[in-house]
Amino acid sequence: MENIKQIIADLLPEAVFEEKEKLTVIVEPTDLRRLIKILHDNKDLPFDYLVYLIGMDWGEKLGVIYLLSSSTDTSKEIVIKTGTADRENPLLYTVTDFYETAHLNEREVYAMYGIRFINNPDMRRFLLNDDWVGFPMRKDYDGDPAINPVSVESKDIIDTAPRIMETPEGLKEEIVNVFEPDDYLINIGPQHPSTHGVMHFRTALNGEVVKKIDIHSGYIHRGIEKLSESLMYPQILHFTDRLDYLSANINRHALCMCVEKAAGIEVPVRAQYIRTIMDELNRISSHLLAWSAQTNDLGATTAFIYGMREREMILDIFDKTCGGRLIINQNVIGGVMFDIYADFQKDVKAFIPYMREKLKEYDRFFSHNVIALGRMVKIGMLSKEDAISYSVTGPAGRASGWACDVRKYQPYALYDQVEFKEIIRTESDSYARYMNRLDEIEESLKIIEQLIDNIPEGEHLAKTKAIIRLPEGEYFQGVEAGKGLFGVYIESRGDKTPYRVKFRSPSLSLVSVMPLICKNEKISDFIGIGGSMDYVIPDIDR
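Caption draft 1: Seen up close, helix 2 (residues 29-40). Over its twelve residues, helix 2 runs 17 Å from end to end, which matches the ideal 16 Å to within 8%, given 1.5 Å per residue. Looking only at helix 2, the buried set comprises Pro29, Asp31, Leu32, Leu35, Ile36 and Leu39. Angular distribution of buried residues about the axis of helix 2 spans 140°; they occupy a single face of the element. The inward-facing, buried residues of helix 2 contact helix 1 (2-11), strand 2 (23-26), strand 4 (62-70), strand 5 (73-84) and strand 6 (91-93).

Structure below.
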């Protein structure tokens, strides 16, 4: 990374480097794109993967933090900051031509902070209506409910998008149509059982073929990141369970590790074993539900019941461990809230061979079914390049040939002490994504096997202060959740509450790529493709 630092210094002598955990550079808005381009196009180590795009209100400035990584080595990361002092009309330049994932992320920053991005082709607010008064994540936001009263009136959908484009004559504000005038439009969702949550896909059809999809989200937006700014760190933990609730234990693990790393809290080894085993059980549970939902989307109700049957066994283990089934409530700062029960190891060891037999059964009765293959093979194609540009991680990204497992390249807990295979396929279709999850269940079983008989004696929870204050600074932590990289960013000003919390949602990337991989596919395959992506909407509507 010293080489990268020198490249930046040579290109932008006025750039400011900060002494942080990650290489951090501050640039003026006018220099941002020059820096992004040289990093993105670097031949030896291309920073072609946008991990985070975080809106910020620093008081004197409104701005954005970009965390970039390389698809060839995801352990290499660089943080770029830029901002503007104009709070009345804050403008920054878009990076959507470098990173496709920036489209929805920039629209979210606009909705929450009021920052508009020059040359972004669609500057509608994301997660909030365009008539919302104020920008909620700003520090001076007025949260008086009377300013934004709840309306019970139905509103027409207006298919136009504002934007600010740079022209030879200067900046030009314009409004463009999202669809062509003669497009035939249908609404898929938001109250559709197979959109996997309250998600609205406004879809243009050419006969029965998908022509274009426009994504609308925010129906269950809960303001979790804003709420976190007024809560102490232990009070924030339960929010992560309610994002991707199917990876609740893994998500909370990320937040706990972020706080523990910042506060210098050493987690007992026994707790590390319990956390890792519970994470892998949670991953199996998540993949089983993904498999069940996808098969049900394709019409196989029997497969759905089978998958839910096996998942119940895992939920029973969770229940007996900590009293939770879906919202597990086990990880806390310093370790785990509850030690394992007397028969925990016995129950887990009994589940492993049982699950292996069921994987064979799934393979035998569904995975090679001619109807299922016809609905998945060569359907919903996602190239490796597009997976990287849209930041599609997890089983979906690895089904496109991209090695991006956080457990391998940025190991945490005990993942550097166990052997497992990163499941990668190159077929890039719905079937590859389907098979990846089944194969990852087997790898999770292998990880659990290596740990279950070796849980050491000792404490399961470190002693921590009643009120935790993190040192001033910025802290990142990522984990491999069931759907991909779940990330936590915390900025602390030394108080008992965080200055800023950002949760990086893997599902936002999975949804953002749907218009691309569904284009020119039949409308009947739309639901099956969505099932293969395995997104969950509360993970997006933070």
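Caption draft 2: The arrangement of the sheet that holds strand 12 (residues 209-216) in detail. Spatial ordering of the open sheet is given by 10-11-12, a layout of three strands whose pairing is antiparallel. The outermost strands of the open sheet, each flanked by one partner alone, are strand 10 (184-188) and strand 12. With strand direction ignored, the average angle separating the axes of adjacent strands in the sheet is 25°. Relative to strand 11 (residues 200-206), strand 10 runs antiparallel, the two sharing five bridges. When the bridges of strand 11 are listed, Asn187 appears paired with Arg202. Against the sheet, helix 17 (residues 523-533) touches strand 10, strand 11 and strand 12, its axis set at about 35° to strand 10.

Caption draft 3: Broad picture of the nonpolar core. Among the nonpolar cores identified, the biggest contains 92 residues, and Phe344, Ile490 and Phe503 are the most heavily contacted of them. Among the elements that take part in this core, helix 14 (residues 430-452) stands out by supplying ten residues, more than any other. Setting aside residues up to four positions removed in sequence, Phe503 forms contacts with Ile224, Glu225, Ser228, Ile236, Thr240, Leu243, Leu255, Phe486, Gly487, Val488 and Arg542.

Caption draft 4: Spotlight on the environment of Gly458. Within the secondary structure, Gly458 sits in the loop between helix 14 and strand 15 (473-481). Here the alpha-carbon distance between Gly458 and Thr276, two residues 182 residues apart in the chain, equals 16 Å.

Caption draft 5: Local environment of the environment of Thr321. Mapped onto the elements, Thr321 comes out in helix 8 (residues 301-322). For Thr321 and Phe344, which are 23 residues apart along the polypeptide, the C-alpha to C-alpha distance reads 7.5 Å. Apart from residues lying up to four places away in sequence, Thr321 is in contact with Met278, Gln330, Phe338, Asp339, Tyr341 and Phe344.

Caption draft 6: Quick look at the pattern of salt bridges. Evaluation of the coordinates by the stated rule reveals 51 salt bridges. With a closest N to O distance of 2.9 Å, Asp57 and Arg87 form a salt bridge. Taken together, the positions of Asp57 in strand 3 (residues 49-57) and Arg87 in the loop between strand 5 and strand 6 put the pair 30 residues apart, joining distant regions of the chain. A salt bridge links Asp183 to Lys211, with the nearest nitrogen and oxygen atoms 2.7 Å apart. Here Asp183, found in the loop between strand 9 (170-177) and strand 10, pairs with Lys211, found in strand 12; they are 28 residues apart in sequence, far enough to count as distant. One salt-bridge network, in which partners are shared between bridges, spans Glu18, Lys20, Lys81 and Glu474.

Caption draft 7: Focus on the packing of aromatic side chains. Under the counting rule described, the total for this entry stands at 16 aromatic pairs. Arranged with centres 6.5 Å apart and planes meeting at 50°, the rings of Phe98 and Tyr99 form a pair that is tilted. By relative accessible area, Phe98 is classed as buried at 12%. For the pair Tyr412 and Tyr415, a centre-to-centre distance of 5.0 Å together with 70° between the ring planes defines the contact as edge-to-face. Of the residues examined, Tyr412 reaches a relative accessible area of 5% and is grouped as buried. A relative accessible area of 3% means that Tyr415 is categorised as buried. An aromatic cluster is built from Trp291, Tyr362, Phe366, Tyr431 and Tyr434, whose rings are joined through pairwise contacts. In this structure, Lys212 packs its charged tip against the face of Phe179, placed 5.8 Å from the ring centre. Positioned over the ring face of Tyr306 is Arg309, at 4.5 Å from the centre of the ring.

Rules used throughout
- Residues numbered from 1 in each chain as written.
- Predicted model: local features only at pLDDT ≥ 70, side-chain atom pairs only at ≥ 80, totals over all residues.
- Heavy atoms only, no water.
- Helix = DSSP H or I, 4+ residues; strand = E, 2+ residues; numbered from the N terminus.
- Expected span 1.5 Å × (residues − 1).
- Buried < 20%, exposed > 50% of the residue type's maximum accessible area, 1.4 Å probe, protein only.
- Arc of directions from axis to C-beta.
- Contact = heavy atoms within 4.5 Å.
- Pairing = 2+ DSSP bridges.
- Axes fitted to C-alpha atoms, helices over the stretch in contact; angles between N-to-C directions.
- Core = buried A, V, L, I, M, F, W, Y, C linked by side-chain atoms within 4.5 Å.
- Salt bridge = Lys/Arg side-chain N within 4 Å of Asp/Glu carboxyl O.
- Phe/Tyr/Trp six-rings, centres within 6.5 Å; stacked < 30°, edge-to-face > 60°.
- Lys NZ or Arg CZ within 6 Å of the ring centre and 35° of its normal.

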